[in-house]
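Fold and contact review
Chain by chain, the residues run as shown.
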Amino acid sequence: MSRISAVLGGVALASVSALAAAQGLIQTQKLSAALANELVGESVAICAKNGYKVVAVVVDLDGVRQAVLRGDGAPIHSMDNAYYKAYTIASLGLSRKEESTKQIADRMAKAAPTTVPQTPLPNVTYAQGAIAVVAGGNTIGGLGVSGAPGGNFDEECARGALAKIKDRMK
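The following paragraphs examine the structure supplied in this document. Within any chain, residue numbers begin from 1 and follow the written order of that chain's sequence. Reporting of local features is limited, given that this is a predicted model, to residues whose pLDDT is at least 70; pairs of side-chain atoms are given and counted only at 80 or more, and all residues count toward the totals for whole chains, interfaces and linings. The side-chain values count all of the structure's non-hydrogen atoms but skip hydrogen atoms and water molecules.

1. As for the side chain of Ser 146
- Counting through the fold element by element, Ser 146 comes out in strand 4 (residues 138-146).
- For Ser 146, a relative accessible area of 3% corresponds to the buried category.
- Within the structure, Ser 146 has its side chain in polar contact with the side chain of Ser 78 (distance 3.5 Å).
- Leave out the neighbours within four places in its chain, and Ser 146 touches Lys 53, Val 54, Val 55, Ser 78, Asn 81, Ala 82, Lys 85 and Asp 154. A run of DSSP states H or I qualifies as a helix once it reaches four residues; a run of E qualifies as a strand once it reaches two. Both are numbered from the N-terminal end. Think of it in three bands: with a 1.4 Å probe and only protein chains considered, a residue is buried below 20% of the maximum accessible area for its type, exposed above 50%, and partly exposed in between. Polar contacts, as counted here, are pairs of nitrogen or oxygen atoms within 3.5 Å of one another; within protein the pair requires one atom able to donate a hydrogen and one able to accept it, and residues that are adjacent in sequence qualify only if both atoms are side-chain atoms. The contact criterion used throughout is that any non-hydrogen atoms of two residues lie within 4.5 Å.

This is how it looks when you write it as structure tokens:
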């Protein structure tokens, strides 16, 4: 075997070894069930104090619902809308480090029409009312709230709830 062939063979073997190591386990973080339930409970409670009947949903980065709470008298369509909001921030906000559906909507409004999706994406809404759940500088999920008389009020309830549990997300 020539010296060049031996070197190239070594490089190829190292590349295959690195690729195999990259195919191992992936570690992810998400809220515990207890903390996710507390988060939706606080969101609904804060909105209720302001006279809003809402639904709150927490999703992980896979878009799986971790916790859902429908406040007393919250409109039925808010069940789906809160999920869509949470799903949107957890999926679309992740790549650009956006922290709310409002930031996504503002970006989309400024985007050239040719860069905005022409067909609706499943479970995605650009309505205000969701925030990213962030731990250690990384987005680990989304919190969506729906049912208040405006997305800005939904978002206020979500932010208030997240502030109450933030110090326990370590």
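Having seen the structure, we can now continue with the description.
2. Quick look at the packing of helix 3 (residues 77-96) against helix 4 (residues 101-110)
- Simply put, an axis is a line fit to the C-alpha atoms, just over the touching stretch for a helix, and the angle between two N-to-C directions goes from 0 to 180 degrees. At their nearest, the axes of helix 3 and helix 4 sit 9 Å apart, and the two run at 65° to each other. In terms of crossing hand, the pair formed by helix 3 and helix 4 is left-handed. Touching Lys 85, Thr 88, Ile 89, Leu 92, Gly 93 and Arg 96 of helix 3 are Thr 101, Ile 104 and Arg 107, all from helix 4.
- Considered class by class, the residues forming the contact of helix 3 with helix 4 number 3 nonpolar, 3 polar and 3 charged. Put simply, a crossing is left-handed when the front helix is turned counterclockwise from the back one by less than a right angle, and right-handed when it is turned clockwise. Ten residue types, Ala, Val, Leu, Ile, Met, Phe, Trp, Tyr, Cys and Pro, are classed as nonpolar, four, Asp, Glu, Lys and Arg, as charged, and the remainder, Gly among them, as polar.

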